[in-house]
Amino acid sequence: MPHRSHMSITTQAATEAAKAAPPVAAAVGAATHSISINHVVGAVTIAYVVLQAAYLIWRWRRDHRRDVREQREQKTGCDQ
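This section reports on the structure supplied with the text. (Residues numbered from 1 in each chain as written. Predicted model: local features only at pLDDT ≥ 70, side-chain atom pairs only at ≥ 80, totals over all residues. Heavy atoms only, no water.)

So, on to the overall build of the protein. Broken down by element type, the protein carries 2 helices and 0 strands. Counting all 80 residues of the protein, 2% fall into the buried class. Accessible surface for the protein amounts to roughly 7300 Å². Of this, 64% is attributable to carbon and sulfur atoms. (Helix = DSSP H or I, 4+ residues; strand = E, 2+ residues; numbered from the N terminus. Buried < 20%, exposed > 50% of the residue type's maximum accessible area, 1.4 Å probe, protein only. Areas by Shrake-Rupley, 256 points an atom, 1.4 Å probe, with all protein chains shown as cover.)

Okay, structure coming up:
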């Protein structure tokens, strides 16, 4: 049975390898398909901006719904 510290090092190595995988995959894919790194960076930037916009829209809608629900609860609470 491996020692606890050995498992920790193995876990850390696997975690770091997983973190490095997307950039390495992008670089290898770009090199094998004749796509420049500029195209990859541009595509990733666009994807990031789209994901950020989607998250903000979702958050704003959620906050608005909460506000409306709280206002309704306050109105019904005052009527009683």
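The next thing to look at is the pattern of salt bridges. Opposite charge on two side chains lets them pair, provided their charged atoms get close. In the structure shown here, the tally under the stated rule is 1 salt bridge. One salt bridge in this structure joins arginine 62 and aspartate 63, with 3.4 Å as the shortest N-O distance. The exposure class assigned to aspartate 63 is partly exposed, which follows from its relative accessible area of 29%. (Salt bridge = Lys/Arg side-chain N within 4 Å of Asp/Glu carboxyl O.)

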